[in-house]
Amino acid sequence: MEAYRVLFVEKAPAESSMRTLLDWGALGFDLMGTVATEAQALAMIAESRPDVVVTELVLAAGTGLALIHQAKTAAPETAFVILAAEADFETAQAAIALGVAAFLKRSEKPAVLRGAFSQLRQTLNQKRAQTANWTVLQQYYKQSLPVMQASFYAALIDGQINEAAIDAYRRDYQIALNGSFYTCLVIHTSTTLLPARVDPMLLRTQVLQQARAFFEPLWPLAAFSYLGNTVMAVQLAAATDVRALTDDADRFCQEAKSKLAAAVTIGVGAAVSRLLDLPRAYRGARTAVSYRSLYGAGKVINIKEIAPHELADFSPLTDTALSALFRQIHVGPEKAIEEAVAAYLTHLGQTAQHMPQHTVVVNELISALYRFAANNRLHVPALTDNLKTLYQTLPESSPASLHQWLSATCLALNSQLALARDTTSAVMIHDAQEYVRVHYQEESLGLKDVCASLGVSHSYFSTLFKRETGVSFITYLTEFRMDRAARLLLETTEQSQVIGRLCGYTDPNYFSLVFKKHFGNSPTVYRSGMAVASY
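Anyway, here's the lowdown on the structure attached to this text. (Residues numbered from 1 in each chain as written. Predicted model: local features only at pLDDT ≥ 70, side-chain atom pairs only at ≥ 80, totals over all residues. Heavy atoms only, no water.)

**Structural notes on the packing of helix α8 (residues 200-215) against helix α9 (residues 241-260)**
Item 1. The interhelical angle for the contact between α8 and α9, taken along N-to-C directions, is 135 degrees, at an axis separation of 11 Å. Put simply, α8 runs oblique to α9. Viewed along their axes, α8 and α9 form a crossing whose handedness is right-handed. Contacts between α8 and α9 involve Leu 203, Gln 206, Val 207, Gln 210, Ala 211, Phe 214 and Phe 215 from the first element and Leu 245, Asp 248, Ala 249, Arg 251, Phe 252, Glu 255, Lys 259 and Leu 260 from the second. (Axes fitted to C-alpha atoms, helices over the stretch in contact; angles between N-to-C directions. Helix = DSSP H or I, 4+ residues; strand = E, 2+ residues; numbered from the N terminus. Parallel < 35°, antiparallel > 145°, perpendicular 65-115°, else oblique. Left-handed = near helix turned anticlockwise from the far one by under 90°. Contact = heavy atoms within 4.5 Å.)

Pasting the structure below:
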(Lines give C-alpha, C1' and ligand atoms only; values in the text may rest on other atoms or scores of the structure.)
Protein backbone atom coordinates (compact mmCIF):
# COMPACT_ATOMS: atom_id res chain seq x y z
CA MET A 1 0.00 0.00 0.00
CA GLU A 2 1.25 3.47 -0.79
CA ALA A 3 2.84 5.30 2.19
CA TYR A 4 1.02 8.25 3.76
CA ARG A 5 2.82 11.59 3.30
CA VAL A 6 3.65 13.56 6.48
CA LEU A 7 4.42 17.30 6.74
CA PHE A 8 6.05 18.69 9.92
CA VAL A 9 5.34 22.28 10.99
CA GLU A 10 7.92 23.42 13.61
CA LYS A 11 9.54 26.65 14.72
CA ALA A 12 13.02 25.27 13.98
CA PRO A 13 13.29 23.59 10.54
CA ALA A 14 16.02 21.28 11.84
CA GLU A 15 15.04 17.65 12.26
CA SER A 16 13.30 17.04 15.58
CA SER A 17 13.74 14.18 17.92
CA MET A 18 10.43 12.67 16.76
CA ARG A 19 11.65 12.61 13.18
CA THR A 20 14.74 10.67 14.21
CA LEU A 21 13.24 8.48 16.93
CA LEU A 22 10.69 6.69 14.73
CA ASP A 23 11.17 4.48 11.68
CA TRP A 24 8.55 6.27 9.58
CA GLY A 25 8.88 3.96 6.57
CA ALA A 26 8.17 0.92 8.73
CA LEU A 27 5.11 2.65 10.14
CA GLY A 28 3.79 3.31 6.60
CA PHE A 29 4.62 7.03 6.38
CA ASP A 30 6.80 9.13 4.09
CA LEU A 31 8.23 12.42 5.42
CA MET A 32 7.67 15.29 2.96
CA GLY A 33 9.69 17.88 4.88
CA THR A 34 9.39 20.68 7.44
CA VAL A 35 8.10 24.28 7.33
CA ALA A 36 8.29 26.83 10.11
CA THR A 37 5.31 29.21 9.72
CA GLU A 38 1.57 29.04 9.44
CA ALA A 39 1.61 30.69 6.00
CA GLN A 40 4.26 28.27 4.67
CA ALA A 41 2.25 25.33 5.96
CA LEU A 42 -0.99 26.54 4.35
CA ALA A 43 0.77 27.00 1.02
CA MET A 44 2.30 23.52 1.20
CA ILE A 45 -1.03 21.94 2.20
CA ALA A 46 -2.87 23.67 -0.66
CA GLU A 47 -0.21 22.60 -3.19
CA SER A 48 0.70 19.06 -2.08
CA ARG A 49 -2.27 17.88 0.01
CA PRO A 50 -0.33 15.81 2.59
CA ASP A 51 -2.13 12.96 4.29
CA VAL A 52 -0.91 13.97 7.77
CA VAL A 53 0.28 17.29 9.22
CA VAL A 54 2.23 17.22 12.53
CA THR A 55 2.32 20.76 13.96
CA GLU A 56 3.56 22.49 17.06
CA LEU A 57 1.21 24.75 18.97
CA VAL A 58 3.51 27.78 18.75
CA LEU A 59 5.07 28.44 15.34
CA ALA A 60 7.64 30.93 14.08
CA ALA A 61 4.71 32.94 12.75
CA GLY A 62 1.19 31.92 13.72
CA THR A 63 -0.21 29.06 15.81
CA GLY A 64 -0.92 25.41 15.20
CA LEU A 65 -4.60 25.74 16.13
CA ALA A 66 -5.10 28.63 13.66
CA LEU A 67 -3.33 26.59 11.01
CA ILE A 68 -5.64 23.61 11.55
CA HIS A 69 -8.75 25.82 11.53
CA GLN A 70 -7.86 27.28 8.12
CA ALA A 71 -6.43 24.13 6.58
CA LYS A 72 -9.55 22.07 7.37
CA THR A 73 -11.45 24.08 4.77
CA ALA A 74 -8.83 23.66 2.03
CA ALA A 75 -7.95 20.01 2.82
CA PRO A 76 -10.74 18.36 4.84
CA GLU A 77 -9.29 14.89 4.14
CA THR A 78 -5.92 15.70 5.84
CA ALA A 79 -5.33 14.35 9.37
CA PHE A 80 -3.73 16.73 11.92
CA VAL A 81 -1.53 15.77 14.88
CA ILE A 82 -0.59 18.37 17.54
CA LEU A 83 2.87 18.18 19.07
CA ALA A 84 2.88 20.04 22.42
CA ALA A 85 5.55 20.68 25.00
CA GLU A 86 3.10 20.02 27.85
CA ALA A 87 -0.46 18.70 28.08
CA ASP A 88 -2.82 21.65 28.52
CA PHE A 89 -6.47 20.82 29.18
CA GLU A 90 -7.97 23.88 27.51
CA THR A 91 -5.70 23.54 24.48
CA ALA A 92 -6.52 19.83 24.24
CA GLN A 93 -10.26 20.69 24.28
CA ALA A 94 -9.78 23.22 21.47
CA ALA A 95 -7.85 20.63 19.48
CA ILE A 96 -10.59 18.03 19.93
CA ALA A 97 -13.17 20.60 18.78
CA LEU A 98 -11.13 21.03 15.58
CA GLY A 99 -11.14 17.25 15.01
CA VAL A 100 -7.39 16.55 15.40
CA ALA A 101 -6.33 12.93 15.04
CA ALA A 102 -3.91 12.95 18.02
CA PHE A 103 -2.58 15.29 20.74
CA LEU A 104 1.00 14.23 21.64
CA LYS A 105 3.66 15.52 24.04
CA ARG A 106 7.23 15.80 22.83
CA SER A 107 8.34 13.95 25.95
CA GLU A 108 6.32 10.79 25.13
CA LYS A 109 8.31 7.57 24.90
CA PRO A 110 8.99 6.18 21.41
CA ALA A 111 6.69 3.21 22.04
CA VAL A 112 3.79 5.55 22.80
CA LEU A 113 4.54 7.62 19.71
CA ARG A 114 4.75 4.45 17.55
CA GLY A 115 1.44 3.26 18.93
CA ALA A 116 -0.25 6.59 18.20
CA PHE A 117 0.95 6.67 14.58
CA SER A 118 0.16 2.97 14.07
CA GLN A 119 -3.41 3.71 15.18
CA LEU A 120 -3.49 6.73 12.87
CA ARG A 121 -2.32 4.56 9.96
CA GLN A 122 -5.16 2.06 10.61
CA THR A 123 -7.66 4.94 10.63
CA LEU A 124 -6.26 6.27 7.35
CA ASN A 125 -6.37 2.76 5.85
CA GLN A 126 -10.06 2.47 6.70
CA LYS A 127 -10.82 5.88 5.16
CA ARG A 128 -8.85 4.99 2.03
CA ALA A 129 -10.78 1.72 1.65
CA GLN A 130 -14.10 3.51 2.13
CA THR A 131 -13.12 6.14 -0.44
CA ALA A 132 -12.08 3.45 -2.92
CA ASN A 133 -15.34 1.57 -2.40
CA TRP A 134 -17.34 4.76 -2.76
CA THR A 135 -15.50 5.63 -5.97
CA VAL A 136 -16.23 2.17 -7.37
CA LEU A 137 -19.88 2.52 -6.39
CA GLN A 138 -20.08 5.95 -8.03
CA GLN A 139 -18.56 4.59 -11.24
CA TYR A 140 -20.94 1.63 -11.20
CA TYR A 141 -23.87 3.99 -10.58
CA LYS A 142 -22.89 6.21 -13.51
CA GLN A 143 -22.41 3.20 -15.79
CA SER A 144 -25.75 1.69 -14.71
CA LEU A 145 -27.74 4.95 -14.84
CA PRO A 146 -28.83 4.66 -18.51
CA VAL A 147 -30.08 1.11 -17.88
CA MET A 148 -31.90 2.18 -14.72
CA GLN A 149 -33.46 5.15 -16.53
CA ALA A 150 -34.66 2.89 -19.36
CA SER A 151 -36.14 0.49 -16.77
CA PHE A 152 -37.88 3.41 -15.08
CA TYR A 153 -39.48 4.62 -18.32
CA ALA A 154 -40.52 1.08 -19.27
CA ALA A 155 -42.20 0.67 -15.86
CA LEU A 156 -43.74 4.14 -16.18
CA ILE A 157 -45.44 3.55 -19.55
CA ASP A 158 -46.58 0.15 -18.26
CA GLY A 159 -48.39 1.90 -15.38
CA GLN A 160 -46.20 0.46 -12.61
CA ILE A 161 -45.03 3.80 -11.13
CA ASN A 162 -47.35 5.48 -8.63
CA GLU A 163 -47.52 9.08 -7.49
CA ALA A 164 -45.99 8.35 -4.10
CA ALA A 165 -42.79 6.96 -5.64
CA ILE A 166 -42.21 9.13 -8.71
CA ASP A 167 -40.33 11.95 -6.93
CA ALA A 168 -37.83 9.47 -5.50
CA TYR A 169 -37.35 7.94 -8.94
CA ARG A 170 -36.82 11.39 -10.45
CA ARG A 171 -34.10 12.13 -7.90
CA ASP A 172 -32.34 8.76 -7.77
CA TYR A 173 -32.45 8.06 -11.51
CA GLN A 174 -31.76 11.70 -12.54
CA ILE A 175 -34.91 11.92 -14.68
CA ALA A 176 -34.52 15.11 -16.70
CA LEU A 177 -38.04 15.45 -18.18
CA ASN A 178 -39.91 18.11 -16.24
CA GLY A 179 -42.25 20.04 -18.54
CA SER A 180 -45.84 21.17 -18.90
CA PHE A 181 -46.88 18.42 -21.33
CA TYR A 182 -45.59 15.06 -22.56
CA THR A 183 -46.30 12.51 -25.24
CA CYS A 184 -44.90 9.23 -26.56
CA LEU A 185 -43.54 8.13 -29.89
CA VAL A 186 -43.47 4.43 -30.75
CA ILE A 187 -40.95 3.81 -33.53
CA HIS A 188 -41.56 0.50 -35.28
CA THR A 189 -39.00 -0.89 -37.74
CA SER A 190 -40.49 -3.39 -40.20
CA THR A 191 -38.86 -6.82 -40.14
CA THR A 192 -40.60 -7.90 -43.35
CA LEU A 193 -39.51 -4.96 -45.52
CA LEU A 194 -35.79 -5.45 -44.90
CA PRO A 195 -32.91 -4.77 -47.27
CA ALA A 196 -31.17 -7.93 -48.47
CA ARG A 197 -28.92 -9.67 -45.92
CA VAL A 198 -29.64 -7.16 -43.12
CA ASP A 199 -29.97 -8.43 -39.55
CA PRO A 200 -33.26 -7.16 -38.01
CA MET A 201 -31.72 -6.55 -34.57
CA LEU A 202 -28.83 -4.61 -36.11
CA LEU A 203 -31.26 -2.50 -38.14
CA ARG A 204 -33.36 -1.71 -35.04
CA THR A 205 -30.21 -0.62 -33.22
CA GLN A 206 -29.24 1.61 -36.13
CA VAL A 207 -32.74 3.12 -36.20
CA LEU A 208 -32.53 3.82 -32.45
CA GLN A 209 -29.16 5.57 -32.86
CA GLN A 210 -30.41 7.53 -35.88
CA ALA A 211 -33.59 8.51 -34.01
CA ARG A 212 -31.57 9.80 -31.06
CA ALA A 213 -29.35 11.85 -33.37
CA PHE A 214 -32.39 13.26 -35.19
CA PHE A 215 -34.80 14.04 -32.32
CA GLU A 216 -32.55 14.95 -29.38
CA PRO A 217 -31.44 18.33 -30.82
CA LEU A 218 -35.11 19.17 -31.46
CA TRP A 219 -36.99 17.96 -28.36
CA PRO A 220 -36.23 17.14 -24.70
CA LEU A 221 -36.78 13.38 -24.58
CA ALA A 222 -35.81 9.98 -23.26
CA ALA A 223 -35.36 7.11 -25.74
CA PHE A 224 -35.40 3.42 -24.87
CA SER A 225 -36.30 0.03 -26.31
CA TYR A 226 -39.50 -1.65 -25.19
CA LEU A 227 -41.22 -4.76 -26.55
CA GLY A 228 -39.24 -4.73 -29.80
CA ASN A 229 -39.85 -1.05 -30.58
CA THR A 230 -38.04 2.19 -29.88
CA VAL A 231 -40.09 4.36 -27.52
CA MET A 232 -39.51 8.06 -26.90
CA ALA A 233 -41.00 9.98 -24.00
CA VAL A 234 -41.05 13.56 -25.30
CA GLN A 235 -41.43 16.78 -23.32
CA LEU A 236 -43.63 19.49 -24.89
CA ALA A 237 -44.03 23.17 -24.11
CA ALA A 238 -47.69 23.09 -25.20
CA ALA A 239 -50.21 20.39 -26.14
CA THR A 240 -50.38 21.79 -29.68
CA ASP A 241 -46.66 20.98 -30.15
CA VAL A 242 -47.77 17.44 -31.03
CA ARG A 243 -48.44 18.68 -34.57
CA ALA A 244 -44.88 19.94 -35.00
CA LEU A 245 -43.56 16.72 -33.46
CA THR A 246 -45.65 14.74 -35.95
CA ASP A 247 -44.12 16.67 -38.85
CA ASP A 248 -40.61 16.04 -37.45
CA ALA A 249 -41.45 12.35 -37.14
CA ASP A 250 -42.57 12.32 -40.78
CA ARG A 251 -39.19 13.73 -41.82
CA PHE A 252 -37.42 11.08 -39.77
CA CYS A 253 -39.37 8.29 -41.52
CA GLN A 254 -38.12 9.65 -44.83
CA GLU A 255 -34.57 9.96 -43.50
CA ALA A 256 -34.58 6.38 -42.20
CA LYS A 257 -35.73 5.18 -45.60
CA SER A 258 -33.07 7.12 -47.52
CA LYS A 259 -30.13 6.51 -45.14
CA LEU A 260 -30.88 3.05 -43.72
CA ALA A 261 -33.31 1.63 -46.30
CA ALA A 262 -35.59 0.96 -43.30
CA ALA A 263 -39.39 1.02 -43.38
CA VAL A 264 -40.03 2.92 -40.13
CA THR A 265 -43.55 3.62 -38.86
CA ILE A 266 -43.95 6.11 -36.00
CA GLY A 267 -47.04 6.24 -33.80
CA VAL A 268 -47.68 9.55 -32.03
CA GLY A 269 -49.74 9.52 -28.82
CA ALA A 270 -51.92 12.25 -27.36
CA ALA A 271 -50.42 15.03 -25.22
CA VAL A 272 -50.76 14.55 -21.45
CA SER A 273 -50.09 17.05 -18.68
CA ARG A 274 -48.40 14.74 -16.14
CA LEU A 275 -45.50 12.34 -16.42
CA LEU A 276 -47.65 9.77 -14.61
CA ASP A 277 -50.13 9.95 -17.52
CA LEU A 278 -47.55 8.76 -20.06
CA PRO A 279 -49.13 5.26 -20.10
CA ARG A 280 -52.13 6.83 -21.83
CA ALA A 281 -49.92 8.55 -24.40
CA TYR A 282 -48.00 5.30 -24.94
CA ARG A 283 -51.16 3.27 -25.50
CA GLY A 284 -52.31 5.81 -28.08
CA ALA A 285 -48.95 5.71 -29.88
CA ARG A 286 -48.92 1.91 -29.84
CA THR A 287 -52.45 1.80 -31.25
CA ALA A 288 -51.45 4.30 -33.93
CA VAL A 289 -48.57 2.04 -35.02
CA SER A 290 -51.02 -0.85 -35.41
CA TYR A 291 -52.82 1.22 -38.08
CA ARG A 292 -49.88 0.67 -40.44
CA SER A 293 -51.79 -2.27 -41.91
CA LEU A 294 -54.43 0.26 -43.02
CA TYR A 295 -52.32 3.30 -43.89
CA GLY A 296 -49.11 1.53 -44.92
CA ALA A 297 -45.69 1.26 -43.29
CA GLY A 298 -42.94 3.84 -43.49
CA LYS A 299 -44.86 6.91 -42.30
CA VAL A 300 -45.98 8.75 -39.17
CA ILE A 301 -49.44 8.07 -37.73
CA ASN A 302 -50.94 10.40 -35.11
CA ILE A 303 -53.58 8.73 -32.93
CA LYS A 304 -55.61 11.96 -32.70
CA GLU A 305 -55.74 12.26 -36.48
CA ILE A 306 -56.77 8.69 -37.30
CA ALA A 307 -59.23 8.31 -34.44
CA PRO A 308 -60.36 11.84 -33.53
CA HIS A 309 -63.43 10.66 -31.63
CA GLU A 310 -61.69 7.97 -29.63
CA LEU A 311 -61.06 8.85 -26.02
CA ALA A 312 -57.38 8.78 -25.17
CA ASP A 313 -57.90 6.81 -21.96
CA PHE A 314 -59.37 3.79 -23.76
CA SER A 315 -57.35 0.68 -22.86
CA PRO A 316 -58.22 -2.87 -23.91
CA LEU A 317 -58.18 -5.71 -21.42
CA THR A 318 -54.80 -7.26 -20.84
CA ASP A 319 -56.00 -10.60 -22.22
CA THR A 320 -53.99 -11.27 -25.39
CA ALA A 321 -56.87 -12.66 -27.44
CA LEU A 322 -59.20 -9.79 -26.48
CA SER A 323 -56.49 -7.23 -27.33
CA ALA A 324 -56.05 -8.88 -30.74
CA LEU A 325 -59.81 -8.77 -31.27
CA PHE A 326 -59.99 -5.01 -30.60
CA ARG A 327 -57.01 -4.42 -32.83
CA GLN A 328 -58.70 -6.18 -35.73
CA ILE A 329 -61.94 -4.30 -35.13
CA HIS A 330 -59.89 -1.16 -35.66
CA VAL A 331 -58.07 -2.18 -38.82
CA GLY A 332 -59.99 -5.13 -40.37
CA PRO A 333 -60.42 -6.68 -42.86
CA GLU A 334 -63.47 -8.90 -42.38
CA LYS A 335 -61.51 -12.16 -42.61
CA ALA A 336 -59.04 -11.04 -39.97
CA ILE A 337 -61.91 -10.04 -37.66
CA GLU A 338 -63.51 -13.47 -38.07
CA GLU A 339 -60.18 -15.10 -37.24
CA ALA A 340 -59.75 -12.91 -34.16
CA VAL A 341 -63.29 -13.81 -33.01
CA ALA A 342 -62.51 -17.52 -33.39
CA ALA A 343 -59.21 -17.08 -31.50
CA TYR A 344 -60.92 -15.25 -28.67
CA LEU A 345 -63.69 -17.85 -28.29
CA THR A 346 -61.09 -20.63 -28.32
CA HIS A 347 -59.30 -18.77 -25.55
CA LEU A 348 -62.57 -18.35 -23.65
CA GLY A 349 -63.26 -22.07 -23.87
CA GLN A 350 -59.80 -22.89 -22.54
CA THR A 351 -60.00 -20.32 -19.72
CA ALA A 352 -63.53 -20.81 -18.40
CA GLN A 353 -63.94 -24.47 -17.54
CA HIS A 354 -67.05 -24.03 -15.34
CA MET A 355 -70.31 -22.13 -15.76
CA PRO A 356 -69.58 -19.42 -13.11
CA GLN A 357 -66.21 -18.74 -14.76
CA HIS A 358 -67.82 -18.70 -18.21
CA THR A 359 -70.44 -16.18 -17.03
CA VAL A 360 -67.79 -13.86 -15.58
CA VAL A 361 -65.66 -13.94 -18.75
CA VAL A 362 -68.62 -13.37 -21.11
CA ASN A 363 -69.89 -10.47 -19.00
CA GLU A 364 -66.39 -8.97 -19.05
CA LEU A 365 -66.46 -9.31 -22.85
CA ILE A 366 -69.81 -7.50 -23.04
CA SER A 367 -68.48 -4.69 -20.79
CA ALA A 368 -65.29 -4.32 -22.86
CA LEU A 369 -67.22 -4.15 -26.13
CA TYR A 370 -69.68 -1.64 -24.68
CA ARG A 371 -66.81 0.59 -23.44
CA PHE A 372 -65.21 0.31 -26.87
CA ALA A 373 -68.42 1.46 -28.56
CA ALA A 374 -68.98 4.29 -26.06
CA ASN A 375 -65.39 5.53 -26.24
CA ASN A 376 -65.60 5.67 -30.03
CA ARG A 377 -69.14 7.18 -30.11
CA LEU A 378 -70.53 4.16 -31.97
CA HIS A 379 -74.12 2.95 -31.91
CA VAL A 380 -74.61 -0.78 -32.50
CA PRO A 381 -78.17 -1.67 -31.44
CA ALA A 382 -77.37 -5.34 -30.81
CA LEU A 383 -74.86 -4.18 -28.22
CA THR A 384 -75.68 -0.68 -26.97
CA ASP A 385 -79.47 -0.98 -26.83
CA ASN A 386 -79.69 -4.34 -25.09
CA LEU A 387 -77.04 -4.27 -22.37
CA LYS A 388 -79.19 -5.63 -19.53
CA THR A 389 -80.63 -8.41 -21.69
CA LEU A 390 -77.19 -9.36 -22.94
CA TYR A 391 -75.87 -9.77 -19.40
CA GLN A 392 -78.79 -12.05 -18.62
CA THR A 393 -78.90 -14.18 -21.75
CA LEU A 394 -75.57 -14.22 -23.58
CA PRO A 395 -73.63 -16.27 -20.97
CA GLU A 396 -76.24 -19.03 -21.41
CA SER A 397 -76.19 -18.98 -25.22
CA SER A 398 -74.88 -21.96 -27.16
CA PRO A 399 -71.30 -21.72 -28.49
CA ALA A 400 -72.66 -21.26 -32.03
CA SER A 401 -75.01 -18.44 -30.97
CA LEU A 402 -72.26 -16.69 -29.01
CA HIS A 403 -69.95 -16.95 -32.02
CA GLN A 404 -72.61 -15.57 -34.36
CA TRP A 405 -73.42 -12.63 -32.03
CA LEU A 406 -69.77 -11.73 -31.39
CA SER A 407 -68.87 -11.93 -35.08
CA ALA A 408 -71.81 -9.73 -36.13
CA THR A 409 -71.09 -7.20 -33.35
CA CYS A 410 -67.38 -6.92 -34.19
CA LEU A 411 -68.09 -6.51 -37.90
CA ALA A 412 -70.69 -3.81 -37.13
CA LEU A 413 -68.21 -1.97 -34.92
CA ASN A 414 -65.56 -2.16 -37.64
CA SER A 415 -68.01 -0.86 -40.25
CA GLN A 416 -69.06 2.08 -38.10
CA LEU A 417 -65.46 2.94 -37.28
CA ALA A 418 -64.63 2.99 -40.99
CA LEU A 419 -67.70 5.15 -41.67
CA ALA A 420 -66.71 7.54 -38.86
CA ARG A 421 -63.20 7.82 -40.29
CA ASP A 422 -64.56 8.40 -43.79
CA THR A 423 -66.99 11.02 -42.50
CA THR A 424 -64.21 12.75 -40.61
CA SER A 425 -62.02 12.67 -43.72
CA ALA A 426 -64.82 14.02 -45.93
CA VAL A 427 -65.51 16.86 -43.51
CA MET A 428 -61.82 17.72 -43.36
CA ILE A 429 -61.49 17.75 -47.18
CA HIS A 430 -64.63 19.89 -47.47
CA ASP A 431 -63.29 22.35 -44.86
CA ALA A 432 -59.94 22.53 -46.68
CA GLN A 433 -61.67 23.24 -50.00
CA GLU A 434 -63.86 25.87 -48.37
CA TYR A 435 -60.74 27.48 -46.88
CA VAL A 436 -59.23 27.65 -50.39
CA ARG A 437 -62.45 29.20 -51.76
CA VAL A 438 -62.30 31.96 -49.15
CA HIS A 439 -58.53 32.61 -49.21
CA TYR A 440 -57.38 31.72 -52.74
CA GLN A 441 -56.74 35.39 -53.57
CA GLU A 442 -53.98 35.54 -50.91
CA GLU A 443 -50.62 35.04 -52.59
CA SER A 444 -49.08 33.42 -49.48
CA LEU A 445 -51.80 30.75 -49.16
CA GLY A 446 -50.20 27.34 -48.82
CA LEU A 447 -50.25 23.95 -47.12
CA LYS A 448 -49.16 25.32 -43.75
CA ASP A 449 -52.09 27.74 -43.60
CA VAL A 450 -54.70 25.06 -44.28
CA CYS A 451 -53.08 22.63 -41.78
CA ALA A 452 -52.99 25.33 -39.11
CA SER A 453 -56.67 26.08 -39.75
CA LEU A 454 -57.63 22.41 -39.49
CA GLY A 455 -55.26 21.63 -36.60
CA VAL A 456 -53.49 18.70 -38.28
CA SER A 457 -49.93 17.93 -39.35
CA HIS A 458 -48.67 18.50 -42.90
CA SER A 459 -47.87 14.83 -43.48
CA TYR A 460 -51.29 13.51 -42.44
CA PHE A 461 -53.24 16.14 -44.36
CA SER A 462 -51.17 15.71 -47.54
CA THR A 463 -51.69 11.94 -47.50
CA LEU A 464 -55.41 12.24 -46.75
CA PHE A 465 -56.07 14.97 -49.35
CA LYS A 466 -54.39 13.08 -52.18
CA ARG A 467 -56.10 9.83 -51.20
CA GLU A 468 -59.54 11.46 -51.18
CA THR A 469 -59.23 13.82 -54.17
CA GLY A 470 -56.64 12.11 -56.37
CA VAL A 471 -54.41 15.21 -56.54
CA SER A 472 -52.02 16.96 -54.19
CA PHE A 473 -53.19 20.02 -52.30
CA ILE A 474 -50.86 22.32 -54.27
CA THR A 475 -52.22 20.94 -57.55
CA TYR A 476 -55.79 21.47 -56.32
CA LEU A 477 -55.01 25.07 -55.29
CA THR A 478 -53.43 25.81 -58.68
CA GLU A 479 -56.38 24.30 -60.57
CA PHE A 480 -58.85 26.25 -58.45
CA ARG A 481 -57.05 29.53 -59.16
CA MET A 482 -56.77 28.73 -62.88
CA ASP A 483 -60.50 27.98 -63.12
CA ARG A 484 -61.29 31.30 -61.44
CA ALA A 485 -58.86 33.12 -63.74
CA ALA A 486 -60.41 31.55 -66.87
CA ARG A 487 -63.88 32.60 -65.80
CA LEU A 488 -62.76 36.17 -65.10
CA LEU A 489 -61.05 36.36 -68.50
CA LEU A 490 -64.31 35.40 -70.24
CA GLU A 491 -66.77 37.21 -68.00
CA THR A 492 -64.95 40.53 -67.43
CA THR A 493 -62.85 43.01 -69.39
CA GLU A 494 -60.18 43.33 -66.69
CA GLN A 495 -56.57 43.16 -67.82
CA SER A 496 -54.80 39.82 -67.28
CA GLN A 497 -52.43 41.21 -64.63
CA VAL A 498 -55.44 42.43 -62.61
CA ILE A 499 -57.07 39.01 -62.93
CA GLY A 500 -53.79 37.44 -61.85
CA ARG A 501 -53.77 39.51 -58.67
CA LEU A 502 -57.41 38.60 -58.00
CA CYS A 503 -56.37 34.92 -58.19
CA GLY A 504 -53.33 35.16 -55.89
CA TYR A 505 -50.55 35.95 -58.42
CA THR A 506 -48.93 39.36 -57.94
CA ASP A 507 -46.30 38.68 -60.60
CA PRO A 508 -48.05 38.96 -64.03
CA ASN A 509 -45.26 37.05 -65.80
CA TYR A 510 -45.54 34.13 -63.39
CA PHE A 511 -49.34 34.17 -63.69
CA SER A 512 -49.08 34.05 -67.48
CA LEU A 513 -46.55 31.17 -67.25
CA VAL A 514 -48.78 29.09 -64.94
CA PHE A 515 -51.88 29.85 -67.02
CA LYS A 516 -50.18 28.80 -70.26
CA LYS A 517 -48.90 25.61 -68.68
CA HIS A 518 -52.40 24.78 -67.48
CA PHE A 519 -54.44 25.72 -70.58
CA GLY A 520 -51.85 25.62 -73.36
CA ASN A 521 -52.29 29.33 -74.22
CA SER A 522 -51.46 32.65 -72.59
CA PRO A 523 -54.35 34.56 -70.93
CA THR A 524 -54.58 36.96 -73.88
CA VAL A 525 -54.70 34.20 -76.52
CA TYR A 526 -57.14 32.21 -74.36
CA ARG A 527 -59.52 35.20 -74.14
CA SER A 528 -59.32 36.08 -77.83
CA GLY A 529 -59.59 32.44 -78.90
CA MET A 530 -62.71 31.85 -76.86
CA ALA A 531 -64.19 35.10 -78.17
CA VAL A 532 -63.59 34.00 -81.78
CA ALA A 533 -65.05 30.57 -81.09
CA SER A 534 -68.11 32.22 -79.57
CA TYR A 535 -68.55 34.46 -82.57
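**What about the sheet that holds strand β3 (residues 52-56)?**
Item 1. In space, the five strands of this open sheet follow the order β2-β1-β3-β4-β5, with parallel pairing throughout. The strands lining the two open edges of the sheet, one partner per strand, are β2 (29-35) and β5 (102-105). The sheet shows a mean angle of 20 degrees between the axes of neighbouring strands, taken without regard to direction. (Pairing = 2+ DSSP bridges.)

**Examining the environment of Ala 270**
Item 1. Looking at the element boundaries, Ala 270 is found in the loop between β9 (264-268) and α10 (278-290).
Item 2. When its relative accessible area of 7% is taken as the criterion, Ala 270 is described as buried. (Buried < 20%, exposed > 50% of the residue type's maximum accessible area, 1.4 Å probe, protein only.)

**Side note on the side chain of Asp 248**
Item 1. Mapped onto the elements, Asp 248 comes out in helix α9.
Item 2. The exposure class assigned to Asp 248 is buried, which follows from its relative accessible area of 9%.
Item 3. Excluding anything up to four places from it in sequence, Asp 248 contacts Phe 214, Phe 215, Leu 218 and Trp 219.

**Some points on the nonpolar core**
Most often, soluble globular proteins have nonpolar side chains that are buried together.
Item 1. Judged by nonpolar contacts, the single largest core of 34 residues is most densely connected at Ile 306, Val 436, Phe 461, Phe 465, Phe 473, Phe 511 and Phe 515.
Item 2. Broken down by element, this core gets its largest block of residues, eight residues, from helix α21 (residues 473-491).
Item 3. Not counting chain neighbours up to four residues away, the residues in contact with Val 436 comprise Leu 445, Phe 473, Tyr 476, Leu 477 and Phe 480. (Core = buried A, V, L, I, M, F, W, Y, C linked by side-chain atoms within 4.5 Å.)

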